[in-house]
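# Structural features, examined
Residues per chain, in single letters:
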Amino acid sequence: MPPDNAATVAPGTDVSFPQDGPNSGSGIARSGPSSFNLAEIGTYLVLFQVSVTEAGQLILTLNGEDLAYTVVGRATGTSQIVEMAIVETTVINSILTVRNPAGNAAALTITPLAGGTRPVSAHLVIMQIQ
């Protein structure tokens with residue numbers, strides 16, 4: 001991820017996923033380095049993992065609103081923050097992001113190297129399931 005993300009991801013700021021992986025279809029598309037357009041009304045499976053250096057939380061947002069049921073985090077340790085959630089959209093062209101929730105005390109440092117000499121990646125997978 002570094003240098004794809006800033007040195008830290010401040011509270012209220014979205015995590016960037018600026019490199020595209022495999023894509024199937026056109027119903028889910030990037031709308032910026034940290035935002036993704038869900039073109040159709042439907043149900044989506046969202047998975048992500050992000051390596052961070054400190055304790056913290058991440059949350060999914062839909063159209064700028066926190067999805068409270070999607071908060072994930074860790075209190076201590078050196079592991080990744082991992083999410084598995086179902087998201088339902090009610091309008092076309094909904095925008096999905098992964099955010100360090102506003103009001104959290106700390107900015108999150110995206111871990112540049114974890115367990116070796118190569119930069120680690122963060123992943124975001126969005127699949128429409130209905």
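Look a little higher up for the structure.
For the structure given in this document, a descriptive report is provided here. (Residues numbered from 1 in each chain as written. Predicted model: local features only at pLDDT ≥ 70, side-chain atom pairs only at ≥ 80, totals over all residues. Heavy atoms only, no water.)

## Regarding the overall build of the protein chain
Put simply, the test is: Numbering of helices and strands runs from the N terminus; a helix is a DSSP stretch of H or I covering at least four residues, while a strand is a stretch of E covering at least two. Note on method: radius of gyration uses C-alpha positions; expected globular size equals 2.2 Å times residues raised to 0.38. Residue exposure (1.4 Å probe, protein chains only): buried if accessible area is under 20% of the type maximum, exposed if over 50%, otherwise partly exposed. Computed by Shrake-Rupley with a 1.4 Å probe, the accessible areas treat only the displayed protein chains as cover when residues are assessed. Charge assignment in this entry is limited to Lys and Arg as positive and Asp and Glu as negative, and neither His nor the chain termini are counted. A charge is said to be at NZ when it belongs to Lys, at CZ for Arg, at CG for Asp and at CD for Glu.
When its secondary structure is counted, the protein chain shows 0 helices and 9 strands. Along the protein chain, from the amino end to the carboxyl end, the secondary structure elements read β-β-β-β-β-β-β-β-β. Taken over the C-alpha trace, the protein chain has a radius of gyration of 14 Å; the compact-globule value for 130 residues is 14 Å, and the two agree within 12%. Considered along the principal axes of its C-alpha atoms, the protein chain spans approximately 40 × 30 × 20 Å. Classification of the 130 residues of the protein chain by burial places 39% in the buried group. Accessible area of the protein chain: about 6900 Å², with a carbon and sulfur share of 56%. Seen as two clouds, the 4 positive and the 9 negative side-chain charges of the protein chain have centres 11 Å apart.

## Concerning the pairing of strand 8 (residues 94-99)
When a strand is regular, its side chains alternate between the sheet's two faces. Condition: Pairs of strands are assigned from DSSP output, requiring at least two bridges between the strands.
The element strand 8 is extensively covered by neighbouring structure, given that 5 of its 6 residues are classed as buried. Taken together, the 3 bridges between strand 2 (residues 36-38) and strand 8 define a ladder with antiparallel strand orientation. Each residue of the ladder has a partner; that of Leu-38, found in strand 8, is Ser-94. Relative to strand 8, strand 4 (residues 56-62) is paired through 4 bridges, and the arrangement is antiparallel. Considered in strand 8, the bridge of Thr-61 is made with Thr-97.

## A closer look at the pattern of salt bridges
Convention followed: Salt bridges, as used here, are contacts in which a Lys or Arg side-chain nitrogen is within 4 Å of a carboxyl oxygen on Asp or Glu.
All chains considered together, the criterion is met by 2 salt bridges. Taking the shortest distance from any N to any O, the salt bridge between Asp-14 and Arg-99 comes out at 2.7 Å. Of this pair, Asp-14 sits in the segment before strand 1 (28-30) while Arg-99 sits in strand 8, and the two are 85 residues apart along the sequence. Of the residues examined, Arg-99 reaches a relative accessible area of 16% and is grouped as buried. The salt bridge partner of Asp-20 is Arg-30, with a shortest N-O separation of 2.7 Å. Taken as a pair, Asp-20 in the segment before strand 1 and Arg-30 in strand 1 lie far apart in primary sequence, 10 residues in all. Residue Asp-20 is classed as exposed on the basis of its relative accessible area, which comes to 61%. Residue Arg-30 is classed as partly exposed on the basis of its relative accessible area of 30%.

## Considerations on the nonpolar core
The cut-off we apply is this: Buried Ala, Val, Leu, Ile, Met, Phe, Trp, Tyr and Cys residues form a nonpolar core when they are joined through side-chain atoms within 4.5 Å. Here, residues are in contact when the closest pair of their heavy atoms is within 4.5 Å.
Residues Phe-48, Val-50, Leu-58 and Leu-60 are the most contacted members of the largest nonpolar core, which totals 24 residues. The biggest single contributor to this core is strand 3 (residues 43-51), with 4 residues. Ignoring any residue separated from it by four or fewer positions in sequence, one finds Leu-58 in contact with Val-15, Phe-48, Val-50, Thr-70, Val-71, Val-72, Ile-81, Val-98, Arg-99, Asn-100, Pro-101 and Leu-108.

## Overview of a nonpolar patch on the surface
Quick reminder of the rule: Residues form patches when they are more than 30% accessible in relative terms and have no salt bridge. Like charges link within 9 Å. Nonpolar side chains (Val, Leu, Ile, Met, Phe, Trp, Tyr) link within 5 Å.
A grouping of Ile-86, Val-125, Met-127 and Ile-129 is seen on the molecular surface, where their side chains present a nonpolar patch of about 320 Å² in accessible area. For Ile-129, a relative accessible area of 49% gives the class partly exposed.

## Side note on the side chain of Thr-70
This is how it is decided: In protein, a polar contact requires one atom able to donate a hydrogen and another able to accept it; more generally it is a pair of N or O atoms within 3.5 Å, and residues adjacent in sequence count only if both atoms are side-chain atoms.
Mapped onto the secondary structure, Thr-70 falls in the loop between strand 5 (65-66) and strand 6 (72-74). Taking the relative accessible area as the measure of exposure, Thr-70 reaches 0% and is therefore buried. Within the structure, Thr-70 has its side chain in polar contact with the backbone oxygen of Leu-67 (distance 2.6 Å). With residues up to four places along the chain from it excluded, the contact list for Thr-70 reads Leu-58, Ile-59, Leu-60, Glu-83 and Ala-85.

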